[in-house]
Amino acid sequence: MSQPSVSLVPAHPDQKPVIANLIQLYLHDMTEFMPFPVGVDGRYSYDFLDRFWRFPYFIMSGDEIAGFALVIDECPLTGRAPCWFMAEFFVLKAYRGRGTGRSAVQQALQAHPGQWHIAVPHANRAAQSFWSKSLAPQNPISRDIHFDGDDWRLHDFVVGTK
């Protein structure tokens, strides 16, 4: 049985609540290595969706939502602009380890040629491994930076223009 095709589909403003729901799963996964308190409503607090809603995407596996990506056009960690930045990237556990995330990353990079920064918290070892492998074809210049109380690995590269 073949794997369903992976596609990166732009999200529309009326789909923002769907991304907000997926962010709850994303934050739940990240509590393994970063503290995110739960509010009195039983939800994780996340105040960045409006700020990061510039180039929102669903990661699709066939007809099923497999995750999301929020791309913005400036790097909040370095202040560099213009610069593409993967503000948030999440693949549901059921779709991990199948190439879904790697395919979605390549599609996002192709959709936004130019300078890129991708930053990963040191504490997120699984994401460190994923991004190192996924970005290997771009030969990024990677360095450690400290931002907002956390240590990050910043990958800096350019995706060729067509």
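Note on numbering: residues in each chain are counted from 1, in written sequence order. For this predicted model, a pLDDT threshold of at least 70 governs which residues receive local features, and a threshold of 80 or more governs which side-chain atom pairs are given and counted, while totals over whole chains, interfaces and linings are taken from all residues. With hydrogens and water set aside, each side-chain value is computed from the structure's full complement of heavy atoms.

Draft legend 1. Structural context of unusual backbone geometry. With an omega of 0°, the peptide bond between A81 and P82 qualifies as cis. Positive phi is not limited to glycine here, since N139 has a value of about 45°. As for its placement among the helices and strands, N139 is situated in the loop between α4 (125-135) and β6 (141-147). Non-glycine residue D148 carries a positive phi angle of around 55°. The topology assignment puts D148 in the loop between β6 and β7 (150-159). Under the scheme used here, helices are H or I runs from DSSP no shorter than 4 residues and strands are E runs no shorter than 2 residues, and both carry numbers assigned from the N terminus.

Draft legend 2. Representation of the pattern of salt bridges within the structure. Here, a salt bridge means any Lys or Arg side-chain nitrogen found within 4 Å of an Asp or Glu carboxyl oxygen. For the structure on display, the rule yields 5 salt bridges. A salt bridge links D50 to K16; the nearest nitrogen and oxygen atoms lie 2.7 Å apart. Remark: K16 occurs in helix α1 (residues 16-30) and D50 occurs in helix α2 (residues 49-52); sequence separation between them is 34 residues. Its relative accessible area of 60% is what places D50 among the exposed residues. Here R54 ties to D73 by a salt bridge, and the two come within 2.7 Å at their closest N and O atoms. Linking R54 in the loop between α2 and β2 (55-61) with D73 in the loop between β3 (64-72) and β4 (84-91), this pair joins segments that are 19 residues apart in sequence. Residue R54 is classed as partly exposed on the basis of its relative accessible area, which comes to 30%. Connected through salt bridges with shared partners, the residues R54, D73 and E74 form a single ionic network. Only protein chains enter the accessibility calculation, which uses a 1.4 Å probe; a residue is then buried when its area is under 20% of its type maximum, exposed when over 50%, and partly exposed in between.

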